[in-house]
Amino acid sequence: MTKMTITLDAGDRKILRELQRNARLSNIDLAARVGMSPSTCLRRTRALEEAGIISAYVAVVDPAALGPSISLYIMIDLDQRIETDARMFFDRIARDDRIVECVALTGNHDILIRAVVRDMADMAQLTMDTLLKLPSVRSITSSIVMRPIKRAASRSDLF
């Protein structure tokens, strides 16, 4: 599918703000909240999807509701001199379901991973048996999340 380019106006930003709050709104409810007719709202929402501005609709699952789990952040320093090793690292990260987010950083560390594991044994397996065995990994520092303070899917003030 070819993505198109659009310029966001106030109406588009209202749609994005409301969908960030609740992506399960029906088009009729969404239209009422943003002050548009349902047909206009649907056309604009589809345009936002086609442009790639809305890239997915997802369910955010609370890991604690599924049973005991540990959330952690893992900071990784890579040996980036060998490109094939770095590619192997990124491929391995993409395949591990325990890793829910991975970003490249500036500053003291190269990579920040957010992971959710079942228990300490699962955490040890992820760090010791998976990540540290990758040839591009120079060092790892992990921090366990004691409690979340704020979680947001996105910054709605951008919209």
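Keep in mind that what you see is a predicted model, and the values were worked out from it rather than measured.

Novice: If you had to explain the packing of aromatic side chains to someone new, which residues and values would you point to?
Specialist: Evaluated as defined, the whole model comprises one aromatic pair. Centroid distance F89 to F90: 5.3 Å. Interplanar angle 75 degrees. Geometry classified as edge-to-face. The exposure class of F89 is buried, given its relative accessible area of 0%.

Novice: How would you sum up the environment of G67? Please name residues and give values.
Specialist: Position of G67 relative to the elements: it lies in the loop between α3 (38–50) and β1 (70–78). Each C-alpha atom, one on G67 and one on R118, is 8.3 Å from the other, the two residues being 51 residues apart in sequence.

Novice: Account for the pattern of salt bridges, with residues named and values stated.
Specialist: This structure, assessed with the given rule, holds nine salt bridges. Close ionic contact of R44 with D12 constitutes a salt bridge, the shortest N to O distance being 3.9 Å. You can see R44 sitting in helix α3 and its partner D12 sitting in helix α1 (residues 10–21), a full 32 residues away along the chain. As far as burial versus exposure is concerned, R44 and D12 are alike and both buried. Among the ionic pairs, R21 bridges to E18, the shortest N-O distance being 2.9 Å. Separated by three residues within a single helix, R21 and E18 lie in helix α1, roughly one turn from each other. On the basis of relative accessible area, E18 is assigned to the buried category, the value being 12%.

Novice: Please set out the pairing of strand β2 (residues 99–104) residue by residue, giving values where relevant.
Specialist: Pairing of β2 with strand β3 (residues 111–117) involves five bridges; the strand directions are antiparallel. Considered in β3, the bridge of A104 is made with I111. Counting the residues in the hairpin turn of β2 and β3 gives six residues, including G107, whose phi is positive at 100 degrees.

Reading guide: rules and limits
Residues numbered from 1 in each chain as written. Predicted model: local features only at pLDDT ≥ 70, side-chain atom pairs only at ≥ 80, totals over all residues. Heavy atoms only, no water. Phe/Tyr/Trp six-rings, centres within 6.5 Å; stacked < 30°, edge-to-face > 60°. Buried < 20%, exposed > 50% of the residue type's maximum accessible area, 1.4 Å probe, protein only. Helix = DSSP H or I, 4+ residues; strand = E, 2+ residues; numbered from the N terminus. Salt bridge = Lys/Arg side-chain N within 4 Å of Asp/Glu carboxyl O. Pairing = 2+ DSSP bridges.

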